[in-house]
Amino acid sequence: MRTLKLTFAYDGTNYHGFQKQANALTVQQVIEEKLSFLCGEKIVTAGSGRTDTGVHARGQVVSLTTSGTIPLDNLLKACASILPKDIVLWQAEEAKPDFHARYSACWKRYSYRIVQNGYDDPFLRNYVWQMRERLQLEKMQAAAQQLLGRHDFSFFRSAGSVPGSPVKTVYRAEWLPQGQSELEFCIEGDGFLYHMVRNIVWSLVEVGRGLKSIETFKSEFADGKRHFKAAPAPPQGLYLDYVGYTPHTRADIEKIRK
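The model shown is predicted, which means the values in this text are computed figures rather than measured ones. (Residues numbered from 1 in each chain as written. Predicted model: local features only at pLDDT ≥ 70, side-chain atom pairs only at ≥ 80, totals over all residues. Heavy atoms only, no water.)

Visitor: Just checking my understanding: could you explain the packing of aromatic side chains for this structure?
Guide: The way to describe two aromatic rings as a pair is by their centre distance and the angle between their planes. Under the counting rule described, the total for this entry stands at 12 aromatic pairs. Between Phe-156 and Phe-217, the aromatic rings sit 6.0 Å apart at their centres with planes inclined by 40°, giving tilted as the arrangement. Residue Phe-156 is found in the loop between strand 7 (149-152) and strand 8 (167-178), and its partner Phe-217 is found in helix 5 (residues 214-223); the two are separated by 61 residues along the sequence. Judged by its relative accessible area of 1%, Phe-217 falls in the buried class. Counting every residue linked through ring pairs, the aromatic cluster contains Phe-153, Phe-155, Phe-156, Phe-217 and Phe-221. Sitting above the plane of the Tyr-239 ring, Arg-58 keeps its charged end 4.3 Å from the centroid. (Phe/Tyr/Trp six-rings, centres within 6.5 Å; stacked < 30°, edge-to-face > 60°. Helix = DSSP H or I, 4+ residues; strand = E, 2+ residues; numbered from the N terminus. Buried < 20%, exposed > 50% of the residue type's maximum accessible area, 1.4 Å probe, protein only. Lys NZ or Arg CZ within 6 Å of the ring centre and 35° of its normal.)

Structure follows, in structure tokens:
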């Protein structure tokens, strides 16, 4: 038996998230159907994590075992021809027998895109959060720095999260201006709770809109209790960028401590 590590990019617009569901079309379902056809056997995959309806990925990692002998280059070429155009396999690797896309992961990077327009661009509606007002970037940047390090992230946890510790380590959290109108939020950490990134973005945008002070953001985060006003940012702006399978670099960890 071979264990494979496959990395996919996908546009999540037309899917009810990554993970298989009984009565909805998902990315994982499509991938397993096409791989089963190519390998000539039933393929069951494990993903590095769930993404919600409308959320995208540039680096979703999938692991699987197969008795098939198809070379990796041929697998890449075959997937390019039979997968829908909104799902792309861009890397295929042999992995150790104990490799698991989810349980072997050490950290992940997510990004979130916001475009500040004077109008709603129909060609961006599925890929960014569009807003007409200008955000106060410096305040949002300062609030984001409060996330660095190891904390209890219960305040940013939505109902429906799978059981598990809310204590996570965030290695990086910063806003990156992209031209005159676009902002990209980049966050890296050793784990993320259900809706955690979208809830963080929502709260940071409240700071950027002047609806919440940095001090309030900090105290709510420390208190850890959700309130009725908390809501996640829209899904279409969120991207799973990268999944790391070696520990986050020591240089980046040291930056947190400064």
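Visitor: Sorry, what's going on with the nonpolar core here?
Guide: In a soluble, globular protein the nonpolar side chains are often hidden away together inside. Core analysis: the biggest nonpolar cluster contains 62 residues, and Phe-185 and Val-201 have the highest contact counts within it. For this core, the element with the most residues is helix 4 (residues 196-208), which contributes seven residues. Not counting chain neighbours up to four residues away, the residues in contact with Phe-185 comprise Tyr-110, Ser-111, Tyr-112, Ala-144, Leu-147, Ala-173, Glu-174, Trp-175, Ile-200, Val-201 and Leu-204. (Core = buried A, V, L, I, M, F, W, Y, C linked by side-chain atoms within 4.5 Å. Contact = heavy atoms within 4.5 Å.)

Visitor: What exactly am I supposed to notice about the pairing of strand 8 here?
Guide: The side chains of a regular strand alternate between both faces of the sheet. Of the pairings in the sheet, the one linking strand 7 to strand 8 comprises four bridges and is antiparallel in character. Each bridged residue has a counterpart across the sheet, and for His-151 the counterpart in strand 8 is Lys-168. Here strand 8 runs beside strand 9 (residues 182-189); their pairing, made up of eight bridges, is antiparallel. Counterpart to Val-170 in the pairing with strand 9 is Gly-189. As consecutive antiparallel partners, strand 8 and strand 9 are separated by three residues, and within that stretch Gly-179 has a phi angle of approximately 80°, a positive value. (Pairing = 2+ DSSP bridges.)

Visitor: What's the story with the pattern of salt bridges in this structure? I'm lost.
Guide: Where charged atoms from two side chains of opposite charge come close, those side chains can pair. Counted by the stated rule, this structure contains 14 salt bridges. One salt bridge connects Asp-52 with Arg-198, and the closest N-O pair in it is separated by 3.2 Å. One end of the pair, Asp-52, is in the loop between strand 2 (46-47) and strand 3 (56-66); the other, Arg-198, is in helix 4, and 146 residues separate them in sequence. The pair formed by Asp-52 and Arg-198 is uniform in burial state, with each residue classed as buried. Note that Lys-212 and Glu-220 form a salt bridge whose closest N and O atoms lie 2.8 Å from each other. When salt bridges that share partners are traced, they join Arg-109, Arg-172, Glu-174 and Glu-188 into one network. (Salt bridge = Lys/Arg side-chain N within 4 Å of Asp/Glu carboxyl O.)

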